[in-house]
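# Coordinate inspection notes
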Amino acid sequence: MNSVTVRVPAKVNLQLAVGPLRDDGFHDLVNVFHAVSIFDEVTATARTGMSVRVEGDSADQVPEDDDNLAVQAALALAGHAGRSYGVSLVIRKSIPVAGGMAGGSADAAAALVACNELWGLGLPPDDLLEIAADLGSDVPFALLGGTAVGTGRGERLTSLEVGGTLHWVFALADGGLSTARVYAECDRTREATGEQIAWPRASDPLLAALREGDAKALGAELVNDLQPAALALRPSLARTLEAGRERGALGALVSGSGPTCAFLAESEAHAEELALSLGAAGVARDVITAHGPVPGPTVV
Ligand code: ATP
């Protein structure tokens, strides 16, 4: 086999509970991840040496060297196998860059699956998950897909059953937000206000709403502890969220560290309507619809 293409979805966080800052600089999290139908594609082709090319939406903001998370994933996999394999990676991006939808982590997961196949390594999912956890907190979920609750840094995952398809609208912003800056802003305001930080716990009503596929109940339970920090760094997002609520979204929140905003709709038709109306309101660079949960990386 000379070439393998893998399609990989973006994620939105349905609950992101951020615990106290740990000694190692990370936070303990409860992170309910949900994979949605916005996809990047990664093609791995056999060659000597490593190279990467990025095409599509905001490709100019993604590094085309060893800083690219997909290249780091390929190097980590080759290291695990104890061989110096080569590969040329081409990434076609649709997931917004630095948008809080874990596009880089998705590309890393896709590269692990593609290179495992291309190089004929046949590593089982557990080995890939272990390599993924070293690459970043969101990479294990990107390998798993579907809907899952993550604890620790977000890397200890339990899959969740969802009782139906959820329909979403995403408002994409101009320019990204750095995840590190958003966490730093969250820590800074918590310190300044002397806020008591509770140990993060999964929300029982949110898990019940997911199990039952009850979009209305779920909409009321969506919560993101990073949202105040994202709004402090990008105040215009408050207007975007409000515009969605006014137009009948069942729930509205900043996705991960932002600046993408996510809106839950009642149905596919409602999502289309909401997207049109939000697009016309001029509160986002682009407005797209998607559904979830969807499976993780898939060879196409
Ligand atoms: P998260 O939701 O996991 O916090 P994000 O969606 O906000 O992440 P990414 O799109 O993953 O952010 O990108 C964050 C930064 O990582 C980008 O600014 C970019 O410079 C760098 N990066 C490295 N590799 C990639 C990649 N393959 N795709 C996108 N960004 C990448």
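Quantities reported herein were computed from a predicted structural model and do not represent experimental measurements. Along each chain, residue indices are assigned from 1 in the same order as the chain's sequence is written. It should be noted that, the model being predicted, local features are given only for residues of pLDDT at least 70 and side-chain atom pairs only at 80 or more, the latter also being counted only at that level, while totals for whole chains, interfaces and linings use all residues. Note that the side-chain values use all heavy atoms of the structure and ignore hydrogens as well as water.

## Re the packing of aromatic side chains
Between rings of Phe, Tyr and Trp, where Trp is taken as its six-membered ring, a pair exists when centres lie within 6.5 Å; planes separated by under 30 degrees are stacked, by over 60 edge-to-face, and by other angles tilted. Here the structure, examined in full by the defined rule, presents 3 aromatic pairs. Seen from their ring centres, F33 and F141 are 4.7 Å apart, and the 5° between their planes marks the pair as stacked. On the criterion of sequence distance, the pair formed by F33 in strand 2 (residues 27-45) and F141 in helix 4 (residues 139-144) is long-range, its members being 108 residues apart. For the pair formed by F33 and F141, the shared burial category is buried. Lying over the aromatic face of F39, R7 brings its terminal NZ or CZ to 3.8 Å of the ring centre. In this scheme, the term charge over a ring applies when either NZ of a lysine or CZ of an arginine sits within 6 Å of the ring centre and within 35 degrees of the ring normal. Directly above the ring of F26 sits R153, whose terminal nitrogen or CZ lies 4.7 Å from the centroid. For the purposes of this entry, the term helix denotes a DSSP run of H or I that reaches at least four residues, the term strand denotes a run of E that reaches at least two, and both are numbered from the N terminus. Throughout this description, buried means an accessible area under 20% of the type-specific maximum (1.4 Å probe, protein chains only), exposed means over 50%, and partly exposed covers the range between.

## Digging into the nonpolar core
We define the nonpolar core as a collection of buried residues of types Ala, Val, Leu, Ile, Met, Phe, Trp, Tyr and Cys that are connected through side-chain atoms lying within 4.5 Å of one another. One finds V36, L89, W119, W168 and F170 to be the most contacted residues of the largest nonpolar core, which totals 67 residues. In terms of residues, this core owes the most to one element, helix 2 (residues 103-118), which gives 10 residues. Setting aside anything within four residues of it in sequence, one finds F170 in contact with V12, V36, I38, M101, T260, C261, A262, D286, V287, I288 and A290. Any pair of residues with heavy atoms lying within 4.5 Å of one another is described as a contacting pair.

## Looking at the site of the ligand
Any residue with a non-hydrogen atom lying within 4 Å of a molecule or strand is treated as near it. Within the structure, the ligand sits among 22 residues, and A98, A102, G104, D138 and T179 are positioned closest to it. We define a polar contact as two N or O atoms separated by no more than 3.5 Å, with the added condition that, inside protein, one atom must be a possible hydrogen donor and the other a possible acceptor, whereas residues neighbouring each other in sequence contribute only through side-chain atom pairs. Here a nitrogen atom of the ligand sits 3.1 Å away from a polar atom, N or O, in the side chain of N68. One of the backbone N or O atoms of G104 is found 2.8 Å from an oxygen atom in the ligand. Protein coverage of the free-state accessible area of the ligand, which is 610 Å², stands at 80%. For the shell around the ligand, the secondary-structure elements that each account for two or more residues are strand 4 (87-93) and helix 2. Looking at which element gives the most residues to the shell around the ligand, the answer is helix 2, with 3 residues. Computed with a 1.4 Å probe, the accessible areas rest on the Shrake-Rupley method; for each residue, only the protein chains presented here act as cover.

## A closer look at the packing of helix 1 (residues 69-81) against helix 3 (residues 125-135)
Fitted lines through C-alpha atoms serve as axes, helices being fitted only where they are in contact, and the angles separating the N-to-C directions of these axes extend from 0 to 180 degrees. Axis separation between helix 1 and helix 3 bottoms out at 10 Å; the angle between their running directions is 130°. When the axes of helix 1 and helix 3 are compared, the pair comes out oblique. As for how helix 1 packs across helix 3, the hand of that crossing is right-handed. Facing helix 1, whose interface residues are L69, Q72, A73, A76, L77 and H80, helix 3 presents D127, L128, I131 and L135. Any angle that is under 35 degrees is reported as roughly parallel, and any over 145 degrees as roughly antiparallel; angles of 65 to 115 degrees are reported as roughly perpendicular and all others as oblique. Throughout, a crossing is termed right-handed when the near helix is turned clockwise from the far one, and left-handed when it is turned anticlockwise from it by less than a right angle.

## A closer look at the sheet that holds strand 9 (residues 251-254)
Two strands pair under a simple rule: DSSP has to find at least two bridges between them. What the 4 strands build is an open sheet, ordered 9-10-7-11; its pairing is antiparallel. Looking at strand neighbours, the two that pair on one side only are strand 9 and strand 11 (286-292), the edges of this open sheet. The average angle at which neighbouring strand axes cross in this sheet is 25°, direction not considered. Pairing of strand 7 (residues 166-172) with strand 10 (residues 261-265), which is carried by 5 bridges, proceeds in the antiparallel orientation.

## Let's talk about the packing of helix 1 against helix 2
At a closest axis distance of 7 Å, the pairing of helix 1 and helix 2 adopts a crossing angle of 35°. Pair helix 1 / helix 2 crosses with right-handed handedness. Here L69, A70, A73, A74 and L77 of helix 1 lie close against helix 2, whose contacting residues are G104, S105, D107, A108, A111, L112, C115 and N116. Tallied by class, the residues present in the contact of helix 1 with helix 2 amount to 9 nonpolar, 3 polar and 1 charged. Here the nonpolar group is Ala, Val, Leu, Ile, Met, Phe, Trp, Tyr, Cys and Pro; Asp, Glu, Lys and Arg are the charged ones; every other residue, Gly included, is treated as polar.

## Examining a negative patch on the surface
A patch consists of residues whose relative accessible area exceeds 30% and which take part in no salt bridge; residues with like charges are grouped when within 9 Å of each other, and nonpolar side chains (Val, Leu, Ile, Met, Phe, Trp, Tyr) when within 5 Å. Note on definitions: salt bridges are taken to be side-chain nitrogens of Lys or Arg within 4 Å of carboxyl oxygens of Asp or Glu. Counted as positive: Lys and Arg. Counted as negative: Asp and Glu, with His and the chain ends omitted from the count. Taken as the charge location is NZ of Lys, CZ of Arg, CG of Asp or CD of Glu. A contiguous patch of negative charge, built from E64, D65, D66 and D67, is present on the exposed surface. Summarising the element assignment, D65 is placed in the loop between strand 3 (50-56) and helix 1.

## Notes on the environment of T48
Relative to the helices and strands, T48 is located in the loop between strand 2 and strand 3. Classification of T48 by relative accessible area gives exposed; the value is 70%.

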